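Secondary and tertiary structure notes
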Amino acid sequence: MTNDVKDSELLDSPGGGPTAGGSAVGRSGVGLETKRPRAAGKAAASNADANTDAMSATKESLEDYTLRFAPRSYRKWSAGVVATSALGGIAYLADFSIGANIGIAYGTVNAVLGIVVAAVIIFATGFPLAYYAARYNIDLDLITRGSGFGYYGSVVTNVIFATFTFIFFALEGSIMAQGLELGLGIPQWLGYAASTIIIIPLVIYGMNTLAKLQVWTTPLWLLLMVVPVGYLLVSHPGSIDDFFAYTGNSGAAGTNLASVMLAAGVCLSLMAQIAEQIDYLRFMPPKTADNKGAWWRAVILAGPGWVLFGAVKQIVGMFIAVYLIAKLDPAASATANEPVHQFLGVYEEMMPAWLAMSLAVVLVVISQIKINVTNAYSGSLAWTNSFTRVTKTYPGRMVFVAVNLLIALILMEANMFDFLNTILGFYANCAMAWVVTVASDIAINKYLLKISPKAPEFRRGMLHAVNPVGFVSMLASAGASIAVFFGAFGSGIQPYSPIFAVVLALVLPPVLAVLTKGKYYLRRSDDGIDLPMFDADGNPSHAKLLCHVTGIEFERPDMMRSAQDGPDGEPQFVSSLALSTDKTGELVLPAQPRLTPQVSAGTV
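Overview of the structure. (Residues numbered from 1 in each chain as written. Predicted model: local features only at pLDDT ≥ 70, side-chain atom pairs only at ≥ 80, totals over all residues. Heavy atoms only, no water.)

1. Comments concerning the overall build of the protein chain
Secondary structure assignment for the protein chain yields 23 helices and 4 strands. Counting over 604 residues, the protein chain shows a buried share of 60%. Counting only contacts in the protein chain whose residues sit at least 6 apart along the sequence, the fraction spanning at least 24 positions is 82%. Surface exposure of the protein chain reaches about 21,000 Å², of which carbon and sulfur atoms provide 68%. (Helix = DSSP H or I, 4+ residues; strand = E, 2+ residues; numbered from the N terminus. Buried < 20%, exposed > 50% of the residue type's maximum accessible area, 1.4 Å probe, protein only. Contact = heavy atoms within 4.5 Å. Areas by Shrake-Rupley, 256 points an atom, 1.4 Å probe, with all protein chains shown as cover.)

Structural data, given as structure tokens:
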């Protein structure tokens, strides 16, 4: 039996499933980590339960790499395909609602300035995260672990990210339900359920299926999105003047700094979107001299560059809302923040009413599916990762798909859409505290101060349980900014909670790194393996080692020497996946005396 056939059998599991369609990517992707007979002996027998959990996790995660590094042998996509798939995840219509809401609340000028402020912050902080994900092929949780949080310390950030996914799943599901009610007369409560259930079969499989879905649906989505906006600009040029003259509910002309910051705070709630972009970017091909141009374009465009598209959508949503209010009916402000009404209003000027309604509903459904498969997928990864790390038990990713979607459905049924600005403004403080803290550790502590190890570390046994540098910085900045957001320090500075979150999260990591002298970054200075971690181009090595727990070969960056030697005293190796389900800790190497962090700096 060939390795491809044996590994295909490994993937025939409820979570991982067989690769869709037997595509070139899928077939070569599953021939990646070879199953071998498990090591016999006393150690294997004493760890029977841990082996069972590790094998269960391995079978499922071979498709989506839930808990670990994405190996080179799986990453068969080109940089362009990865970027297209990642950008497909920003097809959401929530940007149109956000833009309309802040425009109606604060006026066009203040809202546009707020969008620009948020976009600059999101781009600047997202760049180092996207680079690390693409260069080292790990998701944001694994990056966070080695960027000041520790092995267990990043669990709290996983909860923050999971919260992001179900908030925005609920928001997009609400938008789809609005479209189904308007176009098909389906009650909203039933539309909420439909928008949730339709996603489940699409997220059973991992990156293979998501990449195809995003690539195939993008052309139609772009056509339905761009044509109505182009029509407005060409046929109603005066709408541009009306747009910039619009003062919103405040009725005050000119710029108001407090309004700008309030608008920026709502937009900054999208900062955690970089984590969803990274769930795709971790599958980037190795960076070489031949592909470095395409590689960098893909990383920048699909990484921090997502916010450029998001900012444009927010401004377009605001523009259409102002047009509907000013030109059609002032009372339209009641529904001008709902994307289905926005696009329906423009479509009706272009074509017969029946066709306009049909296209508006199609646009809403396609957009909702494109983003909510990503929300459900990424959310399930975040929950699974946290649960497995804390309990050392792997329940299966589909369990947390169900959990995430249930929470989102409850939010929809509670009509969270009516409290959108408040929900997003509050959440922004948590998202900013997390993302900016990690970005600060990478940019300042790793590259400028060289206190934090430059190469990201994520493996159990190499990291301390909690690193106060990132963990304390994130909690302090989030706590302070949330207090400001709720007026604890007076209404005068209440609009500026985003500034508190960003500044504290930027400054505290280097301060704490210097105070602690970097001693909480690494528990060990080496992983007990002589093979180099990186190849000549600085990419993670694709050399393979056998995991004695699972009986499967994993690539070098995923492996450590096991604390358990073989039957004859020979060294054995264990994967990070098996370590995550080791309840006894028998496989974890002991801590070493602290050495300078540069010992594990690696290459970039």
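2. Quick look at unusual backbone geometry
In this structure, asparagine 137 takes a positive phi of about 60° despite not being glycine. Non-glycine residue lysine 450 carries a positive phi angle of around 60°.

3. Side note on helix H6 (residues 94-106)
The end-to-end C-alpha distance of H6, which contains 13 residues, comes to 18 Å, matching closely the 18 Å that a straight helix rising 1.5 Å per residue would cover. Here H6 lies mainly inside the structure; 12 of its 13 residues are buried. Those residues of H6 that sit buried are Ala94, Asp95, Phe96, Ser97, Ile98, Gly99, Ala100, Asn101, Ile102, Gly103, Ile104 and Tyr106. (Expected span 1.5 Å × (residues − 1).)

4. Things to note about the side chain of serine 575
Summarising the element assignment, serine 575 is placed in strand E4 (residues 573-575). Since its relative accessible area comes to 0%, serine 575 is described here as buried. Looking at serine 575, its side chain comes within polar contact range of the main-chain nitrogen of alanine 578, at 3.1 Å. Those residues within four positions of serine 575 in sequence are excluded, and the remaining contacts are Cys547, Phe554, Asp558 and Met559. (Polar contact = N/O pair within 3.5 Å; in protein donor to acceptor, adjacent residues only side chain to side chain.)

5. Remarks on the packing of aromatic side chains
In this structure the tally under the stated criterion is 22 aromatic pairs. When the ring of tyrosine 74 is compared with that of tryptophan 77, the centres are 5.3 Å apart and the planes differ by 70°; the resulting orientation is edge-to-face. Here the two residues tyrosine 74 and tryptophan 77 agree in accessibility, since each one is buried. When the centroid spacing of 5.1 Å and the interplanar angle of 65° are considered together, the rings of phenylalanine 243 and phenylalanine 244 count as edge-to-face. (Phe/Tyr/Trp six-rings, centres within 6.5 Å; stacked < 30°, edge-to-face > 60°.)

6. Considerations on the nonpolar core
Grouped together as the largest cluster of nonpolar side chains are 141 residues, with contacts concentrated most on Leu129, Phe168, Met284, Ile320 and Trp434. Element by element, the count of residues in this core is highest for helix H18 (residues 353-391), at 16 residues. For tryptophan 434, the contacting residues outside a window of four places in its chain are Leu140, Thr144, Phe149, Thr157, Ile160, Phe161, Ala272, Ala275 and Met474. Within the second largest apolar cluster, 16 residues are counted, among which are Ile552, Met559, Phe573 and Leu589. (Core = buried A, V, L, I, M, F, W, Y, C linked by side-chain atoms within 4.5 Å.)

7. Looking at the environment of glutamate 413
Considering the arrangement of structural elements, one finds glutamate 413 in helix H19 (residues 397-413). On the accessibility criterion, glutamate 413 (40% relative accessible area) is partly exposed. Each residue touching glutamate 413, except ones within four places of it in the same chain, is listed here: Trp189 and Tyr192.

8. Details of a nonpolar patch on the surface
A cluster of nonpolar residues, Phe489, Ile493, Ile499, Phe500, Val503, Leu506, Val507, Val511 and Leu515, forms a patch on the protein surface that exposes about 780 Å² of accessible area. Within the fold, leucine 515 resides in helix H22 (residues 497-516). (Patch = residues over 30% accessible without salt bridge, like charges linked within 9 Å, V, L, I, M, F, W, Y side chains within 5 Å. Salt bridge = Lys/Arg side-chain N within 4 Å of Asp/Glu carboxyl O.)

9. Thoughts on the packing of helix H7 (residues 108-136) against helix H14 (residues 273-281)
Put simply, H7 and H14 touch, their axes get as near as 9 Å, and they point 20° apart. Considering their axes alone, H7 and H14 lie roughly parallel with respect to each other. The handedness of the crossing between H7 and H14 is right-handed. Side by side, H7 and H14 meet where Gly126, Leu129, Ala130, Ala133 and Ala134 of the first sit next to Ile274, Ile278 and Leu281 of the second. Looking at the contact of H7 with H14, its residues break down into 7 nonpolar, 1 polar and no charged. (Axes fitted to C-alpha atoms, helices over the stretch in contact; angles between N-to-C directions. Parallel < 35°, antiparallel > 145°, perpendicular 65-115°, else oblique. Left-handed = near helix turned anticlockwise from the far one by under 90°. Nonpolar A, V, L, I, M, F, W, Y, C, P; charged D, E, K, R; others polar.)

10. A short note on the packing of H6 against helix H17 (residues 339-350)
Running from N to C, H6 and H17 point in directions that differ by 90°, and their axes come no closer than 9 Å. Relative to H17, H6 is oriented roughly perpendicular. The residues of H17 that touch H6, namely those facing Phe96, Ser97 and Ala100, are Pro339, Gln342 and Phe343. The class makeup of the residues in the contact of H6 with H17 is 4 nonpolar, 2 polar and no charged.

11. Some details on the environment of leucine 405
With respect to the element layout, leucine 405 can be found in helix H19. The exposure class of leucine 405 is buried, given its relative accessible area of 3%. Remark: the alpha-carbon pair of leucine 405 and phenylalanine 166, spanning 239 residues in sequence, is separated by 6.9 Å. Contacts of leucine 405, omitting those with residues within four sequence positions, involve Phe169, Thr196, Ile200 and Ala376.

12. Some remarks on the environment of leucine 140
Checked against the element boundaries, leucine 140 lands in helix H8 (residues 140-149). For the pair leucine 140 and isoleucine 274, spaced 134 residues apart in the sequence, the C-alpha separation amounts to 8.5 Å.

13. Some words on the side chain of arginine 282
With respect to the helices and strands, arginine 282 occurs in the loop between H14 and helix H15 (292-302). Look at arginine 282: it is buried, it has no salt bridge, and the nearest opposite charge is aspartate 279 at 4.1 Å. Side-chain polar atoms of arginine 282 contact the backbone oxygen of aspartate 279, separated by 3.1 Å. (Lys, Arg positive; Asp, Glu negative; His and termini not counted.)

14. Re the pattern of salt bridges
Applying the stated criterion across every chain, the model contains 10 salt bridges. Between arginine 389 and aspartate 141 there is a salt bridge, and its shortest N-O distance comes to 2.9 Å. You can see arginine 389 sitting in helix H18 and its partner aspartate 141 sitting in helix H8, a full 248 residues away along the chain. Pair check on accessibility: arginine 389 and aspartate 141 agree, each one buried.

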